[in-house]
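Commentary on secondary and tertiary structure
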Amino acid sequence: MTRDQENAAEPVRFERSGNVATITLNRPDAMNALDVATKEGLLTALRAAASDESLRAVVLTGAGRAFCVGQDLREHVRKLNAGEPPLSTVRDHYNPITLAIAQMPKPTIAALNGVAAGAGAAFAFACDLRIAADNASFTLAFAQVGLSADSGASWTLPRLVGTAKAIELLFNPQQRIGVREAAALGLVNEIVPADRLAEHAAALAQRLANGPTVSYAALKASVHYGAGHTLAETLEFEDEMQSRCGATADHREAVDAFLAKRAANFQGK
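Cut-offs used in this document
Residues numbered from 1 in each chain as written. Predicted model: local features only at pLDDT ≥ 70, side-chain atom pairs only at ≥ 80, totals over all residues. Heavy atoms only, no water. Helix = DSSP H or I, 4+ residues; strand = E, 2+ residues; numbered from the N terminus. Expected span 1.5 Å × (residues − 1). Buried < 20%, exposed > 50% of the residue type's maximum accessible area, 1.4 Å probe, protein only. Contact = heavy atoms within 4.5 Å. Core = buried A, V, L, I, M, F, W, Y, C linked by side-chain atoms within 4.5 Å. Phe/Tyr/Trp six-rings, centres within 6.5 Å; stacked < 30°, edge-to-face > 60°. Lys NZ or Arg CZ within 6 Å of the ring centre and 35° of its normal. Patch = residues over 30% accessible without salt bridge, like charges linked within 9 Å, V, L, I, M, F, W, Y side chains within 5 Å. Areas by Shrake-Rupley, 256 points an atom, 1.4 Å probe, with all protein chains shown as cover. Salt bridge = Lys/Arg side-chain N within 4 Å of Asp/Glu carboxyl O. Axes fitted to C-alpha atoms, helices over the stretch in contact; angles between N-to-C directions. Parallel < 35°, antiparallel > 145°, perpendicular 65-115°, else oblique. Left-handed = near helix turned anticlockwise from the far one by under 90°. Nonpolar A, V, L, I, M, F, W, Y, C, P; charged D, E, K, R; others polar.

**Overview of helix 10 (residues 213-226)**
Here helix 10 contains 14 residues, and its C-alpha end-to-end distance of 20 Å stays within 8% of the 20 Å for a straight helix at 1.5 Å per residue. Along helix 10, the residues that are buried comprise T213, A218, K220 and S222. On its buried face, helix 10 sits against helix 4 (88-102), strand 5 (108-112), helix 11 (231-246) and helix 12 (249-260).

Structure (C-alpha cells):
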C-alpha cells in the first residue's frame, strides 16, 4: 500500500506544508461522524501539532461534503445495546479534544467545507477563526437526541452569539443555520466559494504562520482569561503576557524592523 493509500484509509489525515499543519477528518462516506478511531486520531493529531514548534498554524477541515456531523450514532447505539457507558466519550474524548483546540499555542482555523453539527460545530467554535464555504451550515443537534451540550458548546456559543441567542439555537435542534445567517450571528468570520475554501484557508494559515506566534498565543490566552476574571485580575494577566512577549526575539525584530522601516521577519519565538 502506498503512503497516499494509507492516508486515504486513515480516519484523520495529518499533513504539513512548511510551517502549516492541516488536520482533515476523513470519513466522507459517514459525513465525518466521530467514532472512537476518529476521536483518538483527532486528539493525536492536535497534540502533535501543538508540540511541534516548527508548526505555527493549524487548519481543521473535513473530507467530502461535511465538516463533521458529530457523534457516530451507529456506534453510540451499539454501545447502548451492549450495556457500555456510551457517554464516557465526553470525558475520554470530547473534553480533551476541545481543550487541545482551544489551548493550541498557535492560531487555529476551521475550514468549514459543509455541515457542522453537534460536536462538529463545537469543535469549529473552539477554533480561533472559522472560514466557511458558501454551502456550509450549522446544526446544534444535542437536544434532538435528548442530550445536553458537550465539547464546550455551552461555553463557546454564548461568547460568539450571546446567551439568549445561544439558548434559542440549542432549543431548536432541527434548525439549520445557513452560512449567511451564521456570518450575521458571528459564527463565521468569512464566507468563500466552496471551490476556493482550501486555497483561502491555506493562504490565511500561512499569513498567520508567518506572524509572531508567541504574541498570538498570548492574545488568545488573554481573551480567554479575561472572559472569566475581573478587570484587576485581567490587568495582572496582561502584564504577565506582555513580559513574556517582550522577551521574545520576535518583539526585538519588530522594533528593529519599525526603526529600519522594513517588514518584520518573525520566527515564532
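Here the narrative resumes, following the displayed structure.
**Considering the nonpolar core**
Counting residues in hydrophobic clusters, the biggest one holds 43 residues, and the most contacted among them are L42, L112, F123 and F138. Residue contributions to this core peak at 6 residues, all from helix 5 (residues 119-126). Excluding residues that lie within four positions of it along the chain, F123 makes contacts with L34, L42, L60, Y94, I97, T98, I101 and S151.

**Quick look at the environment of F142**
Here F142 shows up in the loop between strand 8 (137-139) and helix 6 (153-161). In this structure the C-alpha to C-alpha distance between F142 and R130, which are 12 residues apart in sequence, comes to 21 Å.

**Thoughts on the environment of V58**
Within the element layout of this structure, V58 appears in strand 3 (residues 57-62). For the pair V58 and A184, spaced 126 residues apart in sequence, the C-alpha to C-alpha distance is 25 Å. Not counting the four nearest positions on each side in its chain, V58 is found in contact with A21, I23, A49, M104, K106, P107, T108 and I109.

**Thoughts on the packing of aromatic side chains**
The full count for this structure, using the stated rule, is 3 aromatic pairs. With centroids separated by 6.0 Å and ring planes inclined at 50°, the aromatic side chains of Y94 and F123 adopt a geometry described as tilted. Placement of Y94 in helix 4 and of F123 in helix 5 is noted, with a sequence separation of 29 residues between them. Of the residues examined, Y94 reaches a relative accessible area of 2% and is grouped as buried. Owing to a relative accessible area of 0%, F123 belongs among the buried residues under this scheme. Ring centres 4.2 Å apart and planes at 5° place the aromatic pair Y225 and F237 in the stacked group. Of this pair, Y225 sits in helix 10 while F237 sits in helix 11, and the two are 12 residues apart along the sequence. You can call F237 buried: its relative accessible area is 15%. Lying over the aromatic face of W155, R159 brings its terminal NZ or CZ to 3.7 Å of the ring centre.

**Points about a nonpolar patch on the surface**
Together, L73, L87, V145 and L147 make up an exposed nonpolar region whose accessible area comes to about 330 Å². Along the chain, V145 turns up in the loop between strand 8 and helix 6. Judged by relative accessible area, V145 falls into the partly exposed class, the value being 45%.

**Here we look at the pattern of salt bridges**
Inspection of every chain in the model, using the stated rule, returns 9 salt bridges. In this structure, D35 engages R27 in a salt bridge whose closest nitrogen and oxygen atoms are separated by 3.6 Å. Across the pair E253 and R262 runs a salt bridge, and its minimum N-O distance is 2.7 Å. Of the residues examined, E253 reaches a relative accessible area of 17% and is grouped as buried.

**Side note on the packing of helix 2 (residues 36-51) against helix 4**
Between two packed helices, what matters for the description is the angle formed by their axes and the separation of those axes. Two numbers describe how helix 2 lies on helix 4: the axes approach to 9 Å, and their chain directions differ by 30°. Overall, the two elements helix 2 and helix 4 adopt an arrangement that is roughly parallel. Helix-helix and strand crossings are classified by hand; for helix 2 and helix 4 the assignment is left-handed. Every residue of helix 4 that contacts helix 2 at V36, K39, E40, L42, L43, L46 and R47 is listed here: T89, H93, Y94, P96, I97, A100 and I101. Looking at the contact of helix 2 with helix 4 residue by residue, the classes come out as 9 nonpolar, 2 polar and 3 charged.

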